[in-house]
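Summary of structural features
One-letter residues, chain by chain:
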Amino acid sequence: MRMPKASKNLLAALPSVDEVLRSQHGQGWLARYPRRFVLQGIRDEIAHLRECVKTGTVEPSAPEDTAAAMEARISRLSSPSLRPVINATGIVLHTNLGRAPLSESALEAVVRVSRGYSNLEYALEEGKRGKRYTHARRLIKELASAEDATLFNNNAGAVLIALSALARGREVIVSRGELVEIGGSFRIPEVMAQSGAILREVGATNKTHLRDYENAIGPETALLLKVHRSNYRITGFSAEVSVESLVKLGAEKGIPVMFDLGSGCLFDLKKAGIGDEPVVNEIVRSGVDLVTFSGDKLLGGPQAGIIAGKTALIEKINRHPLARALRIDKMTLAALEATLFDCADIEKAPEKIPALRMLLEPAEKIRGRARAIAKKAGAGAQVVEDLSEAGGGSLPGVLLPTWCVAVKGHKSPNSLEQLLRKGDPPVIARIKEGTLLLDARTIMDGDVEPLARRLKEIL
Ligand SMILES: *Cc1c(COP(=O)(O)O)cnc(C)c1O
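Scope of this entry: the structure provided in the associated data block.

The rules behind the values
Along each chain, the written sequence defines residue order, and numbers are assigned to residues from 1. Where totals are concerned, whole chains, interfaces and linings use all residues; where local detail is concerned, this predicted model gives features only for residues with pLDDT of at least 70, and gives and counts side-chain atom pairs only at 80 or more. Excluding hydrogens and water, the side-chain values take into account all heavy atoms of the structure. One side-chain nitrogen of Lys or Arg within 4 Å of one carboxyl oxygen of Asp or Glu is enough to make a salt bridge. Secondary structure elements are taken from DSSP: a helix is a run of H or I of four residues or more, a strand is a run of E of two residues or more, and numbering for both begins at the N terminus. Three exposure classes are used, based on accessible area relative to the maximum for each residue type with a 1.4 Å probe and protein chains only: buried under 20%, partly exposed in between, and exposed over 50%. We call a residue near a given molecule or strand whenever any one of its heavy atoms falls within 4 Å of it. Polar contact criterion, stated in full: a pair of N or O atoms within 3.5 Å, where within protein one must be able to donate a hydrogen and the other to accept it, and residues adjacent in sequence count only if both atoms are side-chain atoms. The accessible surface values rely on the Shrake-Rupley method and a 1.4 Å probe; as for residues, cover is taken only from the protein chains in view. Classes in brief: Ala, Val, Leu, Ile, Met, Phe, Trp, Tyr, Cys and Pro nonpolar; Asp, Glu, Lys and Arg charged; the others, Gly included, polar. We treat two strands as partners when DSSP finds at least two bridges between them. As a rule, the C-alpha atoms of each element are fitted with a line to give its axis, helices using only the stretch in contact, and angles between N-to-C directions run from 0 to 180 degrees. Two residues qualify as a contact provided that any one of their heavy atoms is within 4.5 Å of a heavy atom in the partner residue. Centres within 6.5 Å make a pair out of two Phe, Tyr or Trp rings, where for Trp the six-membered ring is used; the pair is then stacked when the planes are under 30 degrees apart, edge-to-face when over 60, and tilted otherwise. Geometrically, a charge over a ring is one whose NZ (Lys) or CZ (Arg) sits within 6 Å of the ring centre while staying within 35 degrees of the ring normal. His is not counted, nor are the chain ends; Lys and Arg add positive charge and Asp and Glu add negative charge. The term nonpolar core refers to a set of buried residues drawn from Ala, Val, Leu, Ile, Met, Phe, Trp, Tyr and Cys, joined through side-chain atoms within 4.5 Å. Per the annotation, domain bounds derive from an automatic or database assignment of domains.

It is worth spelling out the pattern of salt bridges at this point. Inspection of the entire model under this criterion finds 31 salt bridges. Here Arg 229 ties to Glu 240 by a salt bridge, and the two come within 3.7 Å at their closest N and O atoms. Of this pair, Arg 229 sits in the loop between strand 9 (221–227) and helix 11 (243–253) while Glu 240 is found in the loop between strand 9 and helix 11, placing the two residues 11 residues apart along the sequence. What makes Arg 229 buried here is its relative accessible area of 13%. Looking at Glu 240, the relative accessible area reads 46%, which means it is partly exposed. For Glu 361, the salt bridge goes to Lys 365, with nearest N and O atoms at 3.9 Å. Its relative accessible area of 9% is what places Glu 361 among the buried residues.

Below is the structure:
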């Protein structure tokens, strides 16, 4: 294919990588960015321009524009992919946005413990090898009113290892109404299969009675399992067996009872009028042998899987080979122990733990933040009432009264949403009934200024 003469001239006019490197811009970039990304950014932009000339899709651009485009590429290549975003969805425990934001003390603990060495697996008193899960154990035992406790990488892992250690090759009885799927890949039947335990479903989807469990118990029964429904509710003509009845049955038959609580609420949100999430220590006190829950749901800490309950069972779990594969790392452990200290005076926990604070924040306070953002953003931003969700498999069906900034510009809600999402800092919003909404519940105080600035830019 022959190219027209004008295109040939344009191609010839494109700078070489060497020319750009030697230029003032190039020298400046080399001082600020890693050389490999400077080279790659320049090459990519030149290739892009060449492609544009060939296809005739752009006019020749000014050298300053080319330099700016190159620097944008270099800067992107030199930036981490994982970065902070502003969560304006109102979903407090948003699994895709990293669930719980950490408390100040958790952040400090991570830095303190990770900057140098630590006694992660070293018993300072005895001067010999120790166990990593001992660190947060005292606090979990205390706060969960449990005999013993252990920790893993996340709750899916905690459930997997517990089933593997206690029920491999034997039967686990679960109600059909509790065979849940949580997020993409955690499904109770599949985790059960993975663990080698045999699932014994009882009852119907909407109703399970104590006699269903009772009739299913046999010589192969290793465990009675109760699972928190987490992300959905069964209403209407329904019945489930209470923890107390299950505990009584388990005790009579000599079979342990495990409750996968999922969200792991230490702070009683019921008392604050929010949902009916079971509180960890109440469940443990009711006599359940083991509970499992996440560190980054209603506990408001880092991703972790916590198991609390009877010592004999916990010891069996800790001895299982999966314990090594699922072990918790030191940064998580530091953050988790600090979060648990934040819960030591449980009434004060919401002052320290961001997720709890956001869930409990009075609507009037949220309204104040929405107003501050709208005022700074200027025309096109309006404060409206709406509802937010807890998210992250917690408080299913609970809607919390909230206030949002409704954004209306000349552009469509979809293009506004895109502009915010792809900007710096990225802002994740939601569209409801054709309006772009920024829910002030999950907007951190430090986000108010940058968010208002972004809104002003796009409006
Ligand atoms: C969330 C949840 C899990 C999985 O916990 P992760 O910490 O996300 O691995 C397991 N079981 C229940 C009931 C849950 O709600």
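A few words now on the site of the ligand. In the vicinity of the ligand, the contacting residues are Arg 99, Asn 154, Asn 155, Ala 156, Ile 182, Phe 186, His 228, Ser 230, Asp 260, Gly 262, Ser 294 and Lys 297. Within the side chain of Asp 260, a nitrogen or oxygen atom sits 2.6 Å from a nitrogen atom of the ligand. About the coverage of the ligand: the protein hides 94% of its 380 Å² of free accessible area. Contributions of two or more residues to the shell around the ligand are made by helix 8 (155–167) and strand 10 (257–262). Here the residues of the shell around the ligand sort into 3 nonpolar, 6 polar and 3 charged.

Below, the discussion takes up the sheet that holds strand 14 (residues 394–407). The strands making up a sheet associate through backbone hydrogen bonding, with each pair oriented either parallel or antiparallel. Pairing is antiparallel in the open sheet, where 4 strands are placed in the order 13-14-17-16. The two strands at the open ends of the sheet, each matched to only one other strand, are strand 13 (381–391) and strand 16 (430–432). For this sheet, the mean angle separating the axes of adjacent strands, direction not counted, is 45°. Note that strand 13 and strand 14 share 10 bridges and pair antiparallel. The partner of Ser 388 across the bridge, within strand 14, is Leu 400. Seen against the sheet, helix 18 (residues 363–377) touches strand 13 and strand 14 and runs at an angle of roughly 30° to strand 14. Where helix 19 (residues 413–422) meets the sheet, its contacts fall on strand 14, strand 16 and strand 17 (435–439), and the angle it forms with strand 17 comes to roughly 35°.

Further remarks concern the packing of aromatic side chains. With the rule as written, the count across this model stands at 0 aromatic pairs. Geometry around Phe 259 places Lys 226 over its ring, the cationic atom sitting 5.9 Å from the centre. We note Arg 367 situated over the ring of Trp 403; from NZ or CZ to the ring centre the distance is 4.1 Å.

Next up on the list: the sheet that holds strand 8 (residues 198–202). With respect to topology, 7 strands assemble into an open sheet ordered 4-12-11-10-9-5-8, the strand pairing being mixed. Sheet topology places strand 4 (148–152) and strand 8 at the edges, where each strand pairs with a single neighbour. Within this sheet the neighbouring strands show an average axis-to-axis angle of 25°, counted without direction. As paired strands, strand 5 (residues 171–175) and strand 9 are joined by 4 bridges and run parallel to one another. Across the sheet, the residue bridging to Val 172 is Leu 223, located in strand 9.

Moving on to the side chain of Glu 277. Structurally, the position occupied by Glu 277 is in the loop between strand 10 and helix 12 (280–285). The charged side chain of Glu 277 is buried without a salt bridge, its nearest counter-charge being Lys 297 at 8.1 Å. Within polar-contact distance, the side chain of Glu 277 engages the side chain of His 228 at 2.8 Å. A distance of 3.1 Å separates a polar side-chain atom of Glu 277 from the backbone nitrogen of Leu 395.

So, on to the environment of Leu 455. Mapping Leu 455 onto the fold places it in helix 20 (residues 448–458). Among all residues touching Leu 455, those that are not within four sequence positions of it are Ile 373, Ala 377, Val 405, Val 407, Leu 420 and Leu 438.

In a soluble, globular protein the nonpolar side chains are often hidden away together inside. Core analysis: the biggest nonpolar cluster contains 47 residues, and Ile 140, Leu 269, Val 291 and Leu 340 have the highest contact counts within it. Taken together, domain 2 (86–94 + 356–458) and domain 3 (102–350) each give at least three residues to this core, which thus spans both. Those residues in contact with Ile 140, other than ones at most four positions away along the chain, are Ser 145, Ala 149, Leu 151, Ile 306, Ala 308 and Leu 340. Core analysis: the next-biggest nonpolar cluster, separate from the first, contains 31 residues, Ala 162, Ile 182, Phe 186 and Ile 314 among them.

In this section: the pairing of strand 5. For strand 5, the tally of buried residues reaches 5 of 5 residues, placing the bulk of the element in the interior. Neither face of strand 5 is left uncovered, since the one carrying Glu 171, Ile 173 and Ser 175 and the one carrying Val 172 and Val 174 both have all their residues buried. Both strand 5 and strand 8 contribute to a ladder of 5 bridges, which runs parallel. Among the inter-strand pairings, Val 174 is bridged to a residue of strand 8, identified as Glu 201.

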